[in-house]
Amino acid sequence: MLNEIIKEIFSAQMLSLVWQGLLETLYMSLISTAVAYVIGLPVGMLLVVTDKDGVKPNPAVNTTVGSIVNFFRSVPFLILMVAVMPLSRLIVGTTIGAKATIVSLVIASAPYVARMVESSAKEVDRGVIEASLSMGASTMQIVRKVILPEAKPSLIYGAAISSTTILGYTAMAGAVGGGGLGAIAINYGYHRKETVIMWLMVFILVLIVQVFQMIGSFLAKKNDKRIR
Amino acid sequence: MSNNPIIKIEGLSKTFGNGTGAITALDNINLSIEPGEIFGIIGLSGAGKSTLVRCMNLLERPTTGSVIFDGTDITALSDRELRKVRQSIGMIFQGFNLLMQRNALDNVCFPLELAGVPRNEAKKRAKELLSTVGLADREKSYPAQLSGGEKQRVAIARALATNPKVLLCDEATSALDPTTTQSILSLLKELNQKIGVTIIIITHEMKVIEQICNRVAIIANSQIQEIGPVQEVFRHPKTQAAKKLIFAKEDYTEEFVGKGRYLRLVFDGSQTDRPVIANMVIKCGTVVSIVYARTKMINGKMYGHMLLELPEEQEGVNKIKAYLDSENITYEEEEYNA
């Protein structure tokens, strides 16, 4: 029995399936993280700048954007995935597989990324921003030359956390037709009751999280000039 | 250069919040600061002095009143015009506020970068400034690698990068130890003399004002209580608020019981260790009795208060006062009827 399972796991067919799943998972999470940052970074900055203690307070913009972000943050990911299927079909032409999953992953994670960015940016010392204002910096200059560079270590660290969260989402997406290691875990482990394969996929996912986190911490530290 | 004030503040008030919760931080402030002077603003914490200095470059918008910088009312300017004016008003802070992810050289380059100065030119100017403030060898150091005094020197170099006409100092030495405070104050004085930059200093420390300021304004209860040359204001404070600050009543809360005219002397460490009272008695030929004294010597300098019972005849009193004036000792006459 055990022999057969081991044989199945290490069969050429299975190995290529896992390899395929691994690539798909990395592809989905990295592309989604990148696109989520393209949207989330400016939105997060907008939230910080328009905050009541921000450089350009604007309660109307801040409340509106904040509410939209909160709305998407509060919809459970599985429900969001199903709900955005029509949109996926419109953008990438399909509702299943890795490409379709990226659409819903971006929609689910961009608001999360926006909040991560906001929290990192708020760590920048208010005094430094005040000093920059006293030197005649414009709002755009403060965002680009003060907040982003000063918050860089924290932003990198936040990106590591975001990418691992998105990795977790890709696994969930497996349940509703997404690809990757999550789909393998569900198809083989859950539906065919091959628990060993399910745990193997979980183990690989844990490894990827560790690697993402390590790279993030390393880069954050390397880029931080506050450490003597 | 004309004799017009470099900064003129007219009828300035600042209120935070509104309705019943409104707090008045500044109330009808009028102030003229002349080009080239070192002007001090002193007050206890919460007096409104930090708000006042922030109104000078509009980091804080006054509720009413105007701020006239070099002939222009800056409260009427557009954002873009205001940013341009701010390049002519440098500012340094208690917490230094350096960019932590930039080294000393790039911190000094920062305001030049904002002003659109080409990188090479900015670097050259920043190097000059760093050597002016005595940090030529630390240009590659990050703020985290610098001491408090060094950080403030970088901040001063940065504030002067765009050749401002005015340098605002908001409690710039309050986070520094006495020796470092000395060196920063001498640097400010040197810069004032060398490049003629007008300096406005906000502090709660009398010593800072005494050491480098030409004129001082005492601020308390959101208003300017007294304004004038430092010697005059500190030796003979007229208002209650000024007296409270200079004679620091909270230092001697003990109830004094007595009757008659007394002279309270204040030793703030600026006197030497000469036997002041003994000399006074010999020189003036009048005998006084010390009815209360609380003084201590720190590094050979005297700090504290002393209460002398004054002689009956006015002539002796005048002699004593003349002597104290010549010795630069602050005093106040008090009457007790207990």
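Predicted model, so just to flag it, every value in this text is computed and none were measured.

Parameters and conventions
- Residues numbered from 1 in each chain as written.
- Chains lettered and ligands numbered in written order.
- Predicted model: local features only at pLDDT ≥ 70, side-chain atom pairs only at ≥ 80, totals over all residues.
- Heavy atoms only, no water.
- Helix = DSSP H or I, 4+ residues; strand = E, 2+ residues; numbered from the N terminus.
- Buried < 20%, exposed > 50% of the residue type's maximum accessible area, 1.4 Å probe, protein only.
- Expected span 1.5 Å × (residues − 1).
- Arc of directions from axis to C-beta.
- Contact = heavy atoms within 4.5 Å.
- Domains from an automatic or database assignment.
- Buried area = accessible area lost by both parts, 1.4 Å probe.
- Salt bridge = Lys/Arg side-chain N within 4 Å of Asp/Glu carboxyl O.
- Polar contact = N/O pair within 3.5 Å; in protein donor to acceptor, adjacent residues only side chain to side chain.
- Nonpolar A, V, L, I, M, F, W, Y, C, P; charged D, E, K, R; others polar.
- pLDDT = per-residue confidence, 0-100.
- Pairing = 2+ DSSP bridges.
- Axes fitted to C-alpha atoms, helices over the stretch in contact; angles between N-to-C directions.
- Parallel < 35°, antiparallel > 145°, perpendicular 65-115°, else oblique.
- Left-handed = near helix turned anticlockwise from the far one by under 90°.

> Would you mind going over the overall build of chain A with me for this structure?
The secondary structure content of chain A amounts to 11 helices and zero strands. Helices (α) and strands (β) of chain A occur, in sequence order from the N terminus, as α-α-α-α-α-α-α-α-α-α-α. Overall size of chain A, expressed as C-alpha extent along the three principal axes, is 75 × 45 × 25 Å. Within chain A, the fraction of its 228 residues that count as buried is 47%.

> Hey, could you run me through helix α3 (residues 59-74) of chain A in this one?
An α-helix turns once every 3.6 residues. As a result, residues three or four positions apart point the same way. All names here are of chain A. With 16 residues, α3 ought to run about 22 Å at 1.5 Å a step, and its terminal C-alpha atoms sit 22 Å apart, in line with that. Along α3, the residues that are buried comprise Asn62, Val65, Gly66 and Val69. The buried residues of α3 occupy one face: seen down the axis, they fall within an arc of 100°. Away from its buried face, by an angle of more than 90 degrees, α3 presents the exposed residues Ala60, Phe71 and Ser74. Buried-residue contacts for α3 involve α2 (12-50) and α6 (97-122).

> Even after reading the chapter, I still don't get the domain arrangement of chain B, so can you show me in this structure?
By convention, interface size is frequently given as the accessible area that disappears when the constituent parts associate. All names here are of chain B. When the domains of chain B are assigned, the result is domain 1 (7-242) and domain 2 (249-334). The C-alpha centroid of domain 2 is placed 36 Å from the C-alpha centroid of domain 1. Each side of the interface is counted separately: domain 1 has seven residues, and domain 2 has eight residues. Surface buried jointly by domain 1 and domain 2 totals about 600 Å² across both partners, of which 35% is contributed by carbon and sulfur atoms. In this structure, the connection of domain 1 to domain 2 is made through zero salt bridges. On the surface where domain 1 and domain 2 come into contact, there are zero residue pairs in polar contact (both at pLDDT 80 or more). Where the side of domain 1 that touches domain 2 is concerned, the elements lending two or more residues are α7 (206-212) and α8 (230-235). Taken together, the residues that form the side of domain 1 that touches domain 2 break down as two nonpolar, two polar and three charged.

> Any chance you could explain the confidence of the model for chain B here in plain terms?
One rule of thumb: low pLDDT means the predicted coordinates there are not for detailed reading. When pLDDT is averaged across chain B, the result is 88; 92% of the residues are at 70 or more. In the model output, the complex is listed with pTM 0.83 alongside ipTM 0.87.

> What am I meant to see in the environment of A:Val106 here?
Residue and element names in this part refer to chain A. Mapped onto the elements, Val106 comes out in helix α6. Sequence-wise, Val106 and Ser32 are 74 residues apart; in three dimensions their C-alpha atoms are separated by 5.3 Å. Not counting the four nearest positions on each side in its chain, Val106 is found in contact with Ser32, Val35, Ala36, Ile39 and Pro111.

> Is there a simple way to explain the environment of A:Gly168 in this structure?
Its location among the elements puts A:Gly168 in helix α9 (residues 152-173). A relative accessible area of 34% places A:Gly168 in the partly exposed class.

> For this particular structure, what's the right way to read the pattern of salt bridges?
Between side chains of opposite charge, a pair can form as their charged atoms come close. Residue and element names in this part refer to chain B. Tallying each qualifying case throughout the model produces 23 salt bridges over all chains. Note that Glu128 and Arg125 form a salt bridge whose closest N and O atoms lie 3.9 Å from each other. With Glu128 and Arg125 both in helix α4 (residues 119-132) and three residues apart, the pair spans about one turn of that helix. When its relative accessible area of 41% is taken as the criterion, Glu128 is described as partly exposed. The exposure class of Arg125 is partly exposed, given its relative accessible area of 22%. A salt bridge links Glu190 to Lys194, with the nearest nitrogen and oxygen atoms 3.6 Å apart.

> How should the interface of chain B and chain A be read in this particular structure?
Listed per partner, the contact involves 24 residues of chain B and 24 residues of chain A. Of the roughly 2,200 Å² buried at the junction of chain B and chain A (both faces included), carbon and sulfur atoms supply 56%. When residues of chain B are sorted by the area they lose upon contact with chain A, B:Gln101, B:Leu114 and B:Ala144 head the list and together hold 29% of the total. Put simply, chain B and chain A have three salt bridges between them. Salt-bridge contacts for B:Asp79 lead to A:Lys56; the nearest nitrogen and oxygen are separated by 3.4 Å. If you look at where chain B meets chain A, you find 10 residue pairs in polar contact (both at pLDDT 80 or more). Those elements giving two or more residues to the side of chain B that touches chain A turn out to be α2 (79-86), β6 (89-93) and α3 (104-114) of chain B. Per-element tally for the side of chain B that touches chain A: the top contributor is α3(B), with four residues. Of the residues belonging to the side of chain B that touches chain A, the class tally is 12 nonpolar, five polar and seven charged.

> Quick question: what am I supposed to make of the pairing of strand β1 (residues 7-16) of chain B here?
Consecutive side chains along a regular strand alternate between the two faces of the sheet. Residue and element names in this part refer to chain B. Strand direction decides the pairing type here: β1 and strand β4 (residues 64-69), joined by five bridges, are antiparallel. Directly across from Ile7, in β4, lies its bridge partner Phe69. Looking at chain direction, β1 and strand β2 (residues 23-33) are connected through seven bridges and run antiparallel. Within the sheet, the bridge partner assigned to Lys14 lies in β2 and is Leu26.

> It is not clear to me how the sheet that holds strand β8 (residues 198-203) of chain B should be interpreted in this structure. Could you clarify?
Pairing between sheet strands relies on hydrogen bonds along the backbone, with the strands arranged either parallel or antiparallel. Residue and element names in this part refer to chain B. Strand order in the open sheet made by the six strands is β6-β7-β8-β3-β9-β10, with mixed pairing throughout. A single partner strand is all that each edge strand has here, and the edge strands are β6 and β10 (223-229). Strand-to-strand twist in this sheet, taken as the mean axis angle between neighbours without regard to direction, amounts to 15°. One ladder, built from five bridges, connects β6 with strand β7 (residues 166-170); its direction is parallel. Across the sheet, the residue bridging to Met91 is Leu168, located in β7.

> Got a minute to help me understand the packing of helix α10 (residues 180-191) of chain A against helix α11 (residues 195-222) of chain A in this structure?
Helix-helix packing is characterised by the crossing angle of the two axes and by the distance between the axes. All names here are of chain A. The N-to-C vectors of α10 and α11 enclose an angle of 165°; their axes lie 7 Å apart at closest approach. In terms of axis orientation, α10 runs roughly antiparallel to α11. By crossing handedness, the relation of α10 to α11 is classed as left-handed. Between α10 and α11, the residues in contact are Leu181, Ile184, Ala185, Tyr188 and Gly189 and Thr195, Ile197, Met198, Met201, Ile204, Leu205 and Ile208, respectively. A per-class count over the contact of α10 with α11 returns 10 nonpolar, two polar and no charged.

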